[in-house]
Amino acid sequence: RVEVDTGDVPEGLAIGTPRISHEEVTASGPQSQLGRVDLAVARVQIFESGIDVRQPQVTLVPIDIDGRQVESVELDPATVTVEIDVRTVETSKTVPILPNLTGGPADGFEVGAVRVEPSVVTIFGLPDALQDVVSVSTEPLGLGGASDNLSLEGVLVLPRGTRLASDAETPV
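Residues numbered from 1 in each chain as written. Predicted model: local features only at pLDDT ≥ 70, side-chain atom pairs only at ≥ 80, totals over all residues. Heavy atoms only, no water.

Quick word on the overall build of the protein
To keep it simple, the criterion reads: Secondary structure elements are defined from DSSP: runs of H or I of at least 4 residues count as helices, runs of E of at least 2 residues count as strands, and each element is numbered from the N terminus. As a reference, a globule follows 2.2 Å times the number of residues to the power 0.38, and the radius of gyration itself is taken over C-alpha atoms. Whether two residues are in contact is decided by their heavy atoms: any pair within 4.5 Å suffices. In this description, accessible areas are obtained by the Shrake-Rupley approach with a 1.4 Å probe, and a residue is regarded as covered only by the protein chains that are shown. The charge count treats Lys and Arg as positive and Asp and Glu as negative. His and the chain ends do not count. Note that the charge is assigned to NZ on lysines, CZ on arginines, CG on aspartates and CD on glutamates.
Along the protein, the regular secondary structure elements total two helices and 14 strands. Computed over the C-alpha atoms, the radius of gyration of the protein is 28 Å, more than 25% above the 16 Å expected from 2.2 N^0.38 for a compact globule of 172 residues. When its C-alpha atoms are laid out on the principal axes, the protein stretches across 95 × 25 × 25 Å. Sequence-distant contacts, at least 24 apart, represent 69% of the contacts inside the protein between residues at least 6 apart. Element-wise, carbon and sulfur atoms account for 47% of the exposed surface of the protein, whose accessible area totals about 11,100 Å². In the protein, the 11 positive side-chain charges and the 27 negative ones have mean positions that sit 5 Å from each other.

So, a nonpolar patch on the surface
As a reminder of what qualifies: Only residues whose relative accessible area exceeds 30% and that form no salt bridge enter a patch; like-charged residues are grouped when within 9 Å of one another, and nonpolar side chains (Val, Leu, Ile, Met, Phe, Trp, Tyr) when within 5 Å. What counts as a salt bridge is simple: a side-chain nitrogen of Lys or Arg found within 4 Å of a carboxyl oxygen of Asp or Glu.
Residues Leu101, Val111, Val114, Leu150 and Leu152 make up a contiguous nonpolar surface patch of about 390 Å² in total accessible area. Here Val114 lies in the loop between strand 10 (91-102) and strand 11 (120-125).

Remarks on the sheet that holds strand 13 (residues 156-157)
The line we're drawing: Should DSSP find at least two bridges between two strands, the strands are regarded as paired.
If you trace the five strands from one edge of the open sheet to the other, you get 13-12-10-11-14, paired in mixed fashion. Every interior strand has two partners, whereas the edge strands, strand 13 and strand 14 (162-164), have only one.

A few points about the pattern of salt bridges
Should the charged atoms of two oppositely charged side chains come close, the side chains can pair. How we decide: Each residue's exposure class comes from its accessible area (1.4 Å probe, protein chains only) as a fraction of the maximum for that residue type: buried when under 20%, exposed when over 50%, partly exposed otherwise.
All chains considered together, the criterion is met by 11 salt bridges. Measuring nitrogen to oxygen at the nearest pair gives 3.3 Å for the salt bridge that ties Asp66 to Arg68. Residue class for Arg68 comes out partly exposed when judged on its relative accessible area of 49%. Each of Arg19, Asp52, Arg54, Glu83 and Asp85 takes part in a single network of salt bridges with overlapping partners.

Description of the nonpolar core
The test is simple: Grouping buried Ala, Val, Leu, Ile, Met, Phe, Trp, Tyr and Cys residues that are joined through side-chain atoms within 4.5 Å yields what is termed a nonpolar core.
If you look at the biggest cluster of nonpolar residues, it comprises 17 residues, and the most contacted ones within it are Ala42, Val44, Ile46, Val53, Leu60, Val82 and Ile84. The set of elements that each furnish at least two residues to this core consists of strand 5 (39-43), strand 6 (53-63) and strand 8 (79-84). Ignoring anything within four residues of it in the chain, the contact list for Val44 reads Val4, Asp5, Thr6, Gly7, Val53, Gln55, Val58, Val82 and Ile84. Judged by nonpolar contacts, the second largest core, of 10 residues, contains Val116, Val133, Val136 and Leu156.

As for the sheet that holds strand 8
Taking strand neighbours across the sheet as the criterion, the five strands line up as 1-5-6-8-3 in an open arrangement whose pairing is mixed. The open sheet is flanked by strand 1 (2-5) and strand 3 (19-20), the only strands paired with a single partner. Taken together, the four bridges between strand 1 and strand 5 define a ladder with parallel strand orientation. Across the sheet, Asp5 pairs through a bridge with Arg43, a residue of strand 5.

Okay, structure coming up:
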């Protein structure tokens, strides 16, 4: 039996079912060692670039039931071709909402505390789109010479390549 070991798949990537050129191999070597072989493993690395795996000569390693390599055993074939489709998947990030206040209060007044409800939002997107996002702002909210407390409703301005969850509402 042949299995593919991809190790840890980088965050933001998902892999398809590995395709291998041989499902079974023949093991030869000392009888005492052959009895220990549980499977043959082809080890490949999934790179952060998200490039599909197309490796024609992946060396097979005989492995025992505890996951350790069995020495003095040869496998035939000794190598297999491994193909794995790699795709980018969306991830999420929760960031604070920053109101975009424009204008100012009436003469003699100043803006005191500003409270945003909700104070954070979870956005979704590809890892590259989310990487540098530290906050989400609102469309401009005019203070319009206010001389009393205001309660304003704003719409979020989402960074390029991001979206809200399908059931989320945008007013804040």
